[in-house]
Amino acid sequence: MNRLLRYMAALLLTMITATTAHADNWDEVLQSTDYYKGVGRGKTAEEARQQALKELTENIVVHVKSSFDGLTDETHRAGTIEHSERVQSCVQSYSQSTLFNVQTMQRGAEPAIAVLAYMHKSEMQKVYKERIDRALSMVDIADGRLQQRHVDMALQYYYYAYSLVRSLPMPSEAKDQQGRLLVDLLPLRIRQVLSDVSVTLERRDGDNVDLLFTYQGQPVSTLDFTYNDGRNSGIDSRAKDGRGAMEMVSGHQSEYYHIDIRYDYSSQARGDQLMESVMGVTPHRAFPEAQHRIKAQDSATQPSKDMRKAQEQAGVKLSATKTQAPADTTPHAAIMARITHAIRQRQYTQVLDAFTPEGLHRFNSLISYGRGRIVGTPRIQFFRGLGGHVVARGLQMAFSFSQGTKKNFVEDVVFTIDSLGMIDNVTFGLGQVAENDILCKHPDWNEDTRELLMEFLENYKTAYCLKDYDYIKNVFADDAIIIVGNVVRKKTGGTPAGERPVTLEGQETIKYNRYDKDGYLHKLRQTFKQNEMINLRFSQNDIQMLDKYKNEEIFGITIGQEYNSTHYADKGYLFLLVNMTNHDEPQIKIRTWQPNEVDMSKVFNSGYFYE
């Protein structure tokens, strides 16, 4: 733990070191043309400081707005906001993000105190460069996500980068390594990605509609879209591993369905001061390629060749090796056929005898998770589990929630069958990318280790989705260290006691709150009560086995996590240090979460905690 504290302290010192030239006195700063400045007066130092910062912002606006020529034509074409208003908002996004570099002086004493806030003009060039560097970092992130067909994340970071570039006074200064202008390149890239997405109607069953999504002919890993349900537009839905779902207003019939692929993600910028300010002042750019008009075919219509291909490819594709496959899958196939039929018909009492008490409790929680239904034709495969168990994978279900903002998404559902042929656990799957990382990245691991990790992460994810407080309480060690990060505003005048800001590449200032187990569980219980729906989605991961602990099985797990709930959503990296020596009772020793997407080499790993 000492290494983590040393790391955070070093970064803190780096951040608070003044980078501007220091002026000797009040009068020298006021007379100098090298500074932006503002003077405030008040009964208290804080009141005077706020007035000084306001005047400083206005001073920056006056001096910088004339250079925003690149925004003029675009704003006039939009015809909705005057150039001066747009420029002032844009400049204010700069001044807000640079306030951390402002220096202050005081004269007099309360209740008649004056504060001078000033910043060297060269700081603005640093701000521009920081914004360009972050845009380039986001382009790299988007490129990597696109290779894994995480179309949603690729579009989000391309559009964020595009917005950052458009907020510069001279967008032509932002270029990639090949010298191409980002302001020209990024909209072309966004349009190309959107053009490479195909949407096909699979079937309609009553008010439920199933869709197939491909990117360049292959199933998307993840993609977000909105649709019109016959009454309201902008209904959120999420496709996973090639499949998406819509729930229409009861009895609504239409010749066409209208959906829009999401790409701007303005709501996801909440909490990130820089992106929130930029998204708030740069005009929205519409891409017609995001719109899809899908003919509402009769469900009895013969599927096309393209649709049959998409159906065959959709879903998680995992092939059991000879060592992973059970010797005889016949009895397991029979029990899964019963379960599938019961879910389709909503006749759950017919399969009560198929579960252990623990398995039935989890199954009841799952079927109460919003409104769930099976999508597509399940292609269930069986894998050897731990302790003689068999794991059934391949069932996909769509879930819909209507409290607050209506939401729909698709999940993989995994069933674990014990040695007596009874289902003793039901979980949500990790998704193809995360599962393949575990199955394929470490050829030296044995099958038990892979299944142990899969089982743990699936249980962890499901516990949060189904609000299984008891599981979470038991899986965290009594002495667990829990660090939760969130983006905060940069502040002048030092750092408040108890806050430890850290800056990582591609991120703003992050405040880390450290909890003990009891404090974290108290906060978590409140979160469960406030949200009808919680959903976690995992992406790529990096798992390390700590070999130095010969008598213990300790793993450091770094995994991309997307969190979505009734009232809040974010994306970031989850790190878990887990002692799995007792396979039946894994214990989380350390949990951290960091907002925003950065290179995985930049986020917390076991090296920060165990020398």
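Structure report, in brief. (Residues numbered from 1 in each chain as written. Predicted model: local features only at pLDDT ≥ 70, side-chain atom pairs only at ≥ 80, totals over all residues. Heavy atoms only, no water.)

### Notes on the overall build of the chain
Step number 1: Regarding its fold elements, the chain presents 16 helices and 23 strands.
Step number 2: The 611 residues of the chain split such that 55% are buried.
Step number 3: Taking the intrachain contacts of the chain between residues at least 6 apart in sequence as the baseline, contacts between residues at least 24 apart amount to 67%.
Step number 4: Accessible surface, the chain: about 27,300 Å² in total, of which carbon and sulfur atoms supply 47%. (Helix = DSSP H or I, 4+ residues; strand = E, 2+ residues; numbered from the N terminus. Buried < 20%, exposed > 50% of the residue type's maximum accessible area, 1.4 Å probe, protein only. Contact = heavy atoms within 4.5 Å. Areas by Shrake-Rupley, 256 points an atom, 1.4 Å probe, with all protein chains shown as cover.)

### Things to note about unusual backbone geometry
With the exception of glycine, most residues fall at negative phi, and the peptide bonds are largely trans.
Step number 1: Along the chain, Glu110 connects to Pro111 via a cis peptide bond; the corresponding omega equals 15 degrees.
Step number 2: Along the chain, the position of Pro111 falls in the loop between strand E2 (103–109) and strand E3 (112–120).
Step number 3: Phi at Asp241 is positive, roughly 50 degrees, even though this residue is not glycine.
Step number 4: Structurally, Asp241 can be placed in the loop between strand E8 (235–240) and strand E9 (243–247).

### What about the packing of aromatic side chains?
Step number 1: Counted according to the given criterion, the structure contains 20 aromatic pairs.
Step number 2: Judged by centre distance (5.4 Å) and plane angle (85 degrees), the rings of Tyr35 and Tyr118 are edge-to-face. Residue Tyr35 is found in strand E1 (residues 35–42), and its partner Tyr118 is found in strand E3; the two are separated by 83 residues along the sequence.
Step number 3: The exposure class of Tyr118 is buried, given its relative accessible area of 2%.
Step number 4: Their ring planes at 75 degrees and their centres at 5.9 Å tell us that Tyr157 and Tyr160 sit as a pair that is edge-to-face. Pair noted here: Tyr157 and Tyr160 are both in helix H7 (residues 151–166), with a separation of 3 residues, about one helical turn.
Step number 5: Accessibility expressed as a relative area gives 4% for Tyr160, which makes it buried.
Step number 6: Ring pairs connect the aromatic residues Tyr369, Phe399, Phe401, Phe409 and Phe428, which therefore count as one cluster.
Step number 7: Geometry around Tyr256 places Arg293 over its ring, the cationic atom sitting 3.6 Å from the centre. (Phe/Tyr/Trp six-rings, centres within 6.5 Å; stacked < 30°, edge-to-face > 60°. Lys NZ or Arg CZ within 6 Å of the ring centre and 35° of its normal.)

### Here's the deal with the nonpolar core
Step number 1: Judged by nonpolar contacts, the single largest core of 68 residues is most densely connected at Leu211, Phe213, Phe225, Ile259 and Ile261.
Step number 2: It is H7 that provides the largest number of residues to this core, a total of 11 residues.
Step number 3: Apart from the residues within four sequence positions on either side, Ile259 is in contact with Val199, Leu211, Phe213, Phe225, Thr226, Tyr227, Met246, Ala290, Gln291, His292 and Ile294.
Step number 4: By size, the runner-up hydrophobic cluster in this structure holds 38 residues, among which are Leu452, Ile534, Ile559 and Met580. (Core = buried A, V, L, I, M, F, W, Y, C linked by side-chain atoms within 4.5 Å.)

### Here's the deal with the sheet that holds E2
Step number 1: The 3 strands are arranged E1-E3-E2 in an open sheet whose pairing can be described as antiparallel. Each end of this open sheet is capped by a strand with a single partner; those strands are E1 and E2. Taking the axes of each pair of neighbouring strands and ignoring which way they run, one obtains an average angle of 15 degrees across the sheet.
Step number 2: As paired elements, E1 and E3 share 8 bridges and run antiparallel to each other. Bridge pairing links Val39 to Leu116 in E3.
Step number 3: Packing of helix H6 (residues 122–147) onto the sheet brings it into contact with E1 and E3, and relative to E3 it is tilted by some 60 degrees. (Pairing = 2+ DSSP bridges. Axes fitted to C-alpha atoms, helices over the stretch in contact; angles between N-to-C directions.)

### Remarks on the pairing of E3
Step number 1: Taken across its 9 residues, E3 has 8 buried, putting it largely inside the fold.
Step number 2: Inspection of the sheet shows E2 paired to E3 by 7 bridges, in the antiparallel sense. Within E3, the residue paired with Gln103 across the bridge is Tyr118.
Step number 3: Two successive antiparallel strands, E2 and E3, enclose a turn made up of 2 residues.

### Remarks on the pairing of strand E16 (residues 423–428)
Step number 1: By the criterion of burial, E16 is predominantly enclosed, with 5 of the 6 residues buried.
Step number 2: Pairing of strand E15 (residues 407–417) with E16, which is carried by 5 bridges, proceeds in the antiparallel orientation. Across the sheet, residue Val413 finds its bridge partner in E16, namely Phe428.
Step number 3: Where E15 folds back on E16, the antiparallel hairpin that results is connected by 5 residues, among which Gly421 adopts a positive phi of roughly 85 degrees.

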